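Okay, here's what each chain looks like letter by letter:
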Amino acid sequence: MARGTKIVATIGPASSDLATLKRMLQAGVNVVRLNFSHGKAQDHIDRATLVRQAATECGREIAIMADLQGPKIRIGKFENSKIEIANGDKFILDADCGMGNQERVGLDYKALPRDVKPGDVLLLNDGLIVLIVDKIIGNEIHTITKIGGELSNNKGINRQGGGLTAPALTAKDMEDIKTAMSFRADYIAVSFPKNATDMEMARQLSNIAGEAYGHKPMMIAKIERAEAIPLLQEILDSSDGIMVARGDLAVEVGNAAVPALQKRMIKMARASNKLAITATQMMESMIFNAVPTRAEVSDVANAVLDGTDAVMTSAETASGKYPVETVEAMAAICVEAEKFQECKLDADFLNQTFTRIDQSIAYGALFTAYHLRVKAIVALTESGSTALWMSRHNIDIPLFALTPSIATQRKVALYRNVETYTLPHSSDREAVLKSAETILLQNGIVTKGDMIVVTWGEPMGQVGGTNALKIVKVGDH
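Described in the following lines is the structure provided in the data block. Within each chain, residue numbers correspond to sequence positions counted from 1 in written order. Per-residue local features are limited, in this predicted model, to residues with pLDDT of at least 70; the limit for side-chain atom pairs, both in listing and counting, is 80 or more; totals at the level of whole chains, interfaces and linings are taken over all residues. Water and hydrogen atoms were dropped before computing side-chain values, which therefore reflect all heavy atoms in the structure.

### Quick word on the pattern of salt bridges
Then, number 1: By convention in these notes, a salt bridge is any Lys or Arg side-chain nitrogen within 4 Å of a carboxyl oxygen on Asp or Glu. A complete count under the given rule lists 24 salt bridges for this structure.
Then, number 2: We note a salt bridge from D67 to R33, for which the minimum N-O separation is 2.7 Å. Of this pair, D67 sits in strand β3 (residues 63–67) while R33 sits in strand β2 (residues 31–35), and the two are 34 residues apart along the sequence. For the pair D67 and R33, one class covers both residues: buried.
Then, number 3: Counted as one network, the salt bridges with shared partners bring together R33, D67, K222 and E224. Helix and strand assignments follow DSSP, with helices taken as H or I runs no shorter than four residues and strands as E runs no shorter than two, numbered in order from the N terminus. Exposed residues in this analysis have more than 50% of their type's maximum accessible area, buried residues have under 20%, and partly exposed residues fall in between, with area computed by a 1.4 Å probe over protein chains only.

Spelled out as structure tokens, the structure:
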């Protein structure tokens, strides 16, 4: 059975050889994530080249996502690389400190002393260490340890409830965007955006950097700041999709709030015709174990039932012991969960007014296919928009985006329930429809006599103009 939910896998030291990558793609990876928080520019360029080679050898197109580091606020380094602090200990975060010791440590974000006030709760190392701000003296933040433990070099800092002013795009991010465009990354994931302006700026910089290569990436907003939550709709409107980044978000808003927020975010993304990726610790135990925990299985399945486009791995596939097994387990969970997804097409379209012809055609195709029980829905598309609109609604009929554009095929790799194939370019409608039928027949999707629903734009070969829908009996041409 085909899997509708896509898998985004982060690659790193454990998965940067051709053989392992090919096995991961064959196990079900649709999108490869390059994490720009680690490694040098050349490492990412080399990995992107390897990914493209692996995809070619596997005979399919997959997307590459460049994930920017963003303003991750971190402590500096310690003389002995780590310390142990106990509950009640006094500890100083000092913007002017070189090497840290038992009493104090430096900061990579020098403005932090101006961002906090007495009484603020600072969470270090994903919330494992909790410090209460006592007072601020110049560039020093004096704190009292509420929850202690081991603290090592370069651990992240969050403020409970959010509100740190660091800009979403750092100088490093701007350089990394140029690197990502040099290998035509299909998606740029922006870390810690606070509002629509952050996403618009990232898009502008990406489009400028991509101009030399004739490439425009799609933009994913990583929702990991408390202050992004009230502005979700404006962030969605200025992005192509969101990532439910449950790590930093959980530290800022509290673990208990995240599951309901995840459901709300995915629902909002789908209603806004945007993409949604669910990330962080999905198969965490598989970094060391060959099988996931029952809780992890439930977590992945629930994200699928929430309607996420993709589930994502981080360290599990980047540095874990079982990168291929992780992908295989994830794919199997997705397939099982999808058997229980509800189709409410009639309710979805009740009292809806469509403002665009191409959108009306997309929804008309879904409605017709569902009630006629056809074998497949085929969107002949240049940009992939029609396929995206269709994929926002649950339907148990496979969707296919046939396009002459390789860039569109790669982007569509992230859309839930959509598979893509290359369609030769032509302005002859009958020839194109015949080619589409041949592709479905050759891939064993349909047999002669099956019914399919096809959408396209007249005149053929132009972007953004789907205005035709046809019910086709395969083999009648």
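### Examining the environment of K344
Then, number 1: Mapped onto the secondary structure, K344 falls in the loop between α11 (323–338) and α12 (345–349).
Then, number 2: Along the sequence, K344 and N394 sit 50 residues apart, while their C-alpha atoms lie 7.2 Å from each other.

### Observations concerning the environment of V251
Then, number 1: By the element assignment, V251 lies in helix α7 (residues 246–253).
Then, number 2: In this structure the C-alpha to C-alpha distance between V251 and N125, which are 126 residues apart in sequence, comes to 9.4 Å.
Then, number 3: For V251, the contacting residues outside a window of four places in its chain are L123, D126, G127 and N158. Contacts between residues were defined by any pair of non-hydrogen atoms, one from each residue, lying within 4.5 Å.

### Description of the packing of helix α1 (residues 18–27) against helix α2 (residues 41–58)
Then, number 1: The interhelical angle for the contact between α1 and α2, taken along N-to-C directions, is 55 degrees, at an axis separation of 9 Å. Between α1 and α2, the angle is such that the two are oblique. Along this stretch, α1 crosses α2, giving a crossing that reads as right-handed. The segment α1 lies against α2, with L18, L21, K22, L25 and Q26 engaging L50, V51, Q53, A54, A55, E57 and C58.
Then, number 2: Charged means Asp, Glu, Lys or Arg here, nonpolar means Ala, Val, Leu, Ile, Met, Phe, Trp, Tyr, Cys or Pro, and polar covers whatever is left, Gly included. Taken together, the residues of the contact of α1 with α2 sort by class into eight nonpolar, two polar and two charged. Each axis is a line fitted through C-alpha atoms, and for a helix only the stretch in contact is used; angles between axes span 0 to 180 degrees, taken between their N-to-C directions. Angle categories are assigned with fixed cut-offs, so that under 35 degrees is roughly parallel, over 145 is roughly antiparallel, 65 to 115 is roughly perpendicular, and the rest are oblique. Helix crossings get a hand from a simple test, with the near helix turned counterclockwise from the far one by less than a right angle marking a left-handed crossing and a clockwise turn marking a right-handed one.

### Some thoughts on the sheet that holds strand β5 (residues 90–94)
Then, number 1: Any two strands are treated as partners once DSSP identifies two or more bridges connecting them. Here we have six strands laid out as an open sheet, ordered β6-β5-β9-β8-β7-β11, and mixed in their pairing. The strands lining the two open edges of the sheet, one partner per strand, are β6 (104–105) and β11 (157–159).
Then, number 2: Two strands pair when backbone bridges link them, and strand β7 (residues 121–124) and β11 are joined in this way by three bridges, in the antiparallel orientation. Among the inter-strand pairings, L122 is bridged to a residue of β11, identified as R159.

### A look at the sheet that holds strand β18 (residues 399–403)
To summarise the sheet geometry, strands pair through backbone hydrogen bonds and adopt either a parallel or an antiparallel arrangement.
Then, number 1: An order of β19-β18-β17-β20-β21 is seen for the five strands of this open sheet, with the pairing classed as mixed. Two strands lie at the open edges of the sheet, namely β19 (418–422) and β21 (466–473), each paired on one side alone. Within the sheet, the average angular offset between the axes of one strand and its neighbour, ignoring direction, is 25 degrees.
Then, number 2: In this sheet, β18 lies alongside strand β17 (residues 376–380) in parallel orientation, the contact comprising four bridges. Bridge assignment links I377 to a residue of β18, and that residue is L399.
Then, number 3: Running at roughly 20 degrees to β21, helix α13 (residues 357–372) makes contact with β17, β18, β20 (451–457) and β21 of the sheet.

Functional significance is not addressed by these values, which are geometric in nature.
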